[in-house]
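Architecture at a glance
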Amino acid sequence: EPQGRPASVSLESLEEVGDFHFSSDGFGTAMEYYEQALVRLESYDAPDAIATARLHRKIADCYRSRGFLQKSAAHLDLAFENLVGLESEVEFGVSLTRRADVRILRGQPERALKDALMAIEALRSSAAHSEFAYAQTVAAICYGRLGQPDQYEQLNLDALATYRRIEDPGDMAKHPTV
């Protein structure tokens, strides 16, 4: 268990404490909690595929925030292994956005753009409005990197409109990277 946590701590509590540490830039500590939650989840007879994917994506977020892009990409691959056949789930769109982040940082804007546009479609009708706006932002950045200023500007304006509509300032601290 992460430093001093009793074995009776629930899977959900481990993830929530990880989220707390992640939100305060404690990426290494957050990763410990996510990894422990993942170990516990994978010990179940029939682990929930979406929860498993979400934890791998959160571990990938920690690695990405620390600059370990290859490890981040590896955990995103594990997330997608758990999302096969679950492309209509919100986690699929969120994971696509994170993979686009990593691909931008690895100098792959074309591949990142494909992921970001797929994420926009996957999240368009979901209640994950902030994630949808962030996918728009990531796609805009991709267009900027690809030298397409009109598409960059339009998607950036779309993202800002979405953030305003949901009264979210678009705080990039929630979405580390680009």
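Criteria and thresholds
Residues numbered from 1 in each chain as written. Predicted model: local features only at pLDDT ≥ 70, side-chain atom pairs only at ≥ 80, totals over all residues. Heavy atoms only, no water. Helix = DSSP H or I, 4+ residues; strand = E, 2+ residues; numbered from the N terminus. Buried < 20%, exposed > 50% of the residue type's maximum accessible area, 1.4 Å probe, protein only. Areas by Shrake-Rupley, 256 points an atom, 1.4 Å probe, with all protein chains shown as cover. Expected span 1.5 Å × (residues − 1). Polar contact = N/O pair within 3.5 Å; in protein donor to acceptor, adjacent residues only side chain to side chain. Arc of directions from axis to C-beta. Contact = heavy atoms within 4.5 Å. Phe/Tyr/Trp six-rings, centres within 6.5 Å; stacked < 30°, edge-to-face > 60°. Lys NZ or Arg CZ within 6 Å of the ring centre and 35° of its normal. Core = buried A, V, L, I, M, F, W, Y, C linked by side-chain atoms within 4.5 Å.

Side note on the overall build of the chain
Broken down by element type, the chain carries eight helices and zero strands. Its helices and strands taken in sequence order, the chain reads α-α-α-α-α-α-α-α from the N to the C terminus. Across the 178 residues of the chain, 48% fall into the buried class. Summed over all atoms, the accessible surface of the chain reaches about 9000 Å², with 50% contributed by carbon and sulfur.

Things to note about helix α3 (residues 49–65)
Because an α-helix completes one turn every 3.6 residues, residues spaced three or four positions apart along the sequence face the same direction. Given a rise of 1.5 Å per residue, 17 residues ought to cover 24 Å, and the 24 Å separating the end C-alpha atoms of α3 matches this to within 8%. Capping the start of α3 is the job of one residue whose side-chain oxygen sits 3.1 Å from the backbone nitrogen of Ile50: Asp48. Once α3 ends, the next one or two residues include Gly67, with phi positive near 90°.

Overview of helix α4 (residues 69–82)
With 14 residues, α4 extends 20 Å from end C-alpha to end C-alpha; this agrees with the ideal 20 Å at 1.5 Å per step. Looking only at α4, the buried set comprises Leu69, Ser72, Ala73, His75, Leu76, Ala79 and Phe80. Seen from one end, α4 has its buried residues packed into an arc of 165°, which puts them on one side. Of the exposed residues in α4, the ones pointing more than 90 degrees away from its buried face are Gln70 and Glu81. Along its buried surface, α4 packs onto α3 and α5 (90–105).

Some remarks on the packing of aromatic side chains
As enumerated under the stated definition, the model contains three aromatic pairs in all. Here the aromatic rings of Tyr63 and Phe68 are separated by 6.3 Å at their centres, their planes lie at 90°, and the arrangement is edge-to-face. Here Arg99 stacks its cationic end above the ring of Phe80, 4.2 Å away from the centre of that ring.

Structural notes on the nonpolar core
Counting 28 residues, the largest nonpolar core has Ile104, Ile120, Leu123, Val138, Ala139, Cys142 and Leu155 as its most contacted members. Put simply, the parts of the chain that give this core at least two residues each are α4, α5, α6 (109–123), α7 (129–145) and α8 (149–165). Among the elements that make up this core, the one with the highest residue count is α7 (10 residues). Setting aside residues up to four positions removed in sequence, Leu123 forms contacts with Val90, Gly93, Val94, Thr97, Ala128, Glu131, Phe132 and Ala135. Counting residues in hydrophobic clusters, the runner-up holds 17 residues, among them Val9, Leu11, Leu41 and Leu55.

A few points about the environment of Tyr134
As for its placement among the helices and strands, Tyr134 is situated in helix α7. Here Tyr134 falls in the buried class, since its relative accessible area comes to 0%. Within the structure, Tyr134 has its side chain in polar contact with the side chain of Asp101 (distance 3.3 Å).

Treat this as a map of the structure, not an account of what it does.
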